[in-house]
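The chain contents come next:
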Amino acid sequence: MPKVNLTSRFIETLSVDDRTDYRDTKVSGLELRVAPSGTKTWYLIYTIERKGKRARVKLGRYPSVSLADARTAAMRELTAISNGADPAAKRRGALAAETVRDLGARFIEEYARPRKRSWMDDERHLRVYVYPAIGNIKLPNLTRTDIRQVIKAKADEGKLHQARLILATVRKMFDWAVDEELIEVSPALGIKAPIGVT
């Protein structure tokens, strides 16, 4: 992991072939993760003293969060950590209260709407087929069986193509949530499309 004196110019021109983390030399623990897609995300890496283990908390995406903002946020978190706070655990606790519907709304607003022309299809799949069945389930309680039942219900109607589209939307939403470190593992992992769906 390269340790560099991060500057705005360096960050703007940065591109990588493989995901790479750059540690800031000015603020201890501040890290910029750069993906081959061009996505640049700020993190703070810190040690939980009472447990003796390292943790990571996301501070935001560049350029929405500038270098100066990231350094300020990291310093603020480091002060809280020195007083016994654990920001990663706090974030996990907040996410544990979120439902599938909450995650879906974030997925549409933060990922699908800005990046996909077909975002309205994703939103409709979630609103019409997913939310009525599993929308109120809290994320830690959601199982693959819950998701399979949503897909199976549509396949049992003989609408196999629609079932495939719903599964694709759900997979993308949970893959995005893993990438954003909102959840650790996708509950849609390993779910196969119904027989007959291509």
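Everything in this summary refers to the structure shown in the same document. (Residues numbered from 1 in each chain as written. Predicted model: local features only at pLDDT ≥ 70, side-chain atom pairs only at ≥ 80, totals over all residues. Heavy atoms only, no water.)

## Let's talk about the packing of helix H6 (residues 144–156) against helix H7 (residues 160–179)
Running from N to C, H6 and H7 cross one another at 160 degrees; their axes reach a closest spacing of 7 Å. Judged by the angle between their axes, H6 and H7 are roughly antiparallel. Taken as a pair, H6 and H7 cross one another with a handedness that is right-handed. Of the residues in H7, those touching H6 at Ile-147, Val-150, Ile-151, Lys-154 and Ala-155 are Leu-160, Gln-162, Ala-163, Ile-166, Leu-167, Val-170 and Phe-174. (Axes fitted to C-alpha atoms, helices over the stretch in contact; angles between N-to-C directions. Helix = DSSP H or I, 4+ residues; strand = E, 2+ residues; numbered from the N terminus. Parallel < 35°, antiparallel > 145°, perpendicular 65-115°, else oblique. Left-handed = near helix turned anticlockwise from the far one by under 90°. Contact = heavy atoms within 4.5 Å.)

## Section: the side chain of Thr-99
Looking at the secondary structure, you find Thr-99 in the loop between helix H3 (87–96) and helix H4 (100–115). For Thr-99, the contacting residues outside a window of four places in its chain are Gly-135, Asn-136, Ile-137, Lys-138 and Leu-139.

## Focus: unusual backbone geometry
Where the residue is not glycine, phi is negative for most of them; where a peptide bond is considered, it is trans in most cases. In this structure, the amide linkage connecting Tyr-62 to the following residue, Pro-63, adopts the cis form with an omega of 10 degrees. Within the secondary structure layout, Pro-63 lies in the loop between strand S5 (53–62) and helix H2 (67–82).

## A word on the pairing of strand S3 (residues 30–34)
Every regular strand shows the same layout, with side chains that alternate between the two sheet faces. Burial of S3 is extensive: five of the five residues sit out of reach of the surface. On S3, burial covers both faces: Leu-30, Leu-32 and Val-34 on one face and Glu-31 and Arg-33 on the other are all buried. Two strands pair when backbone bridges link them, and strand S2 (residues 20–24) and S3 are joined in this way by four bridges, in the antiparallel orientation. Pairing of Asp-21 across the sheet is with Arg-33, part of S3. In textbook terms, the turn of a hairpin is the stretch between consecutive antiparallel strands, and for S2 and S3 this stretch comprises five residues, one of which, Gly-29, has a positive phi near 90 degrees. Bridge count between S3 and strand S4 (residues 40–48): five bridges; the pairing is antiparallel. Note that in S4 the partner of Leu-32 across the bridge is Trp-42. Connecting S3 to the next strand, S4, in antiparallel fashion are five residues, including Gly-38 with a positive phi near 100 degrees. (Buried < 20%, exposed > 50% of the residue type's maximum accessible area, 1.4 Å probe, protein only. Pairing = 2+ DSSP bridges.)

Any functional reading would require information that these geometric values do not contain.
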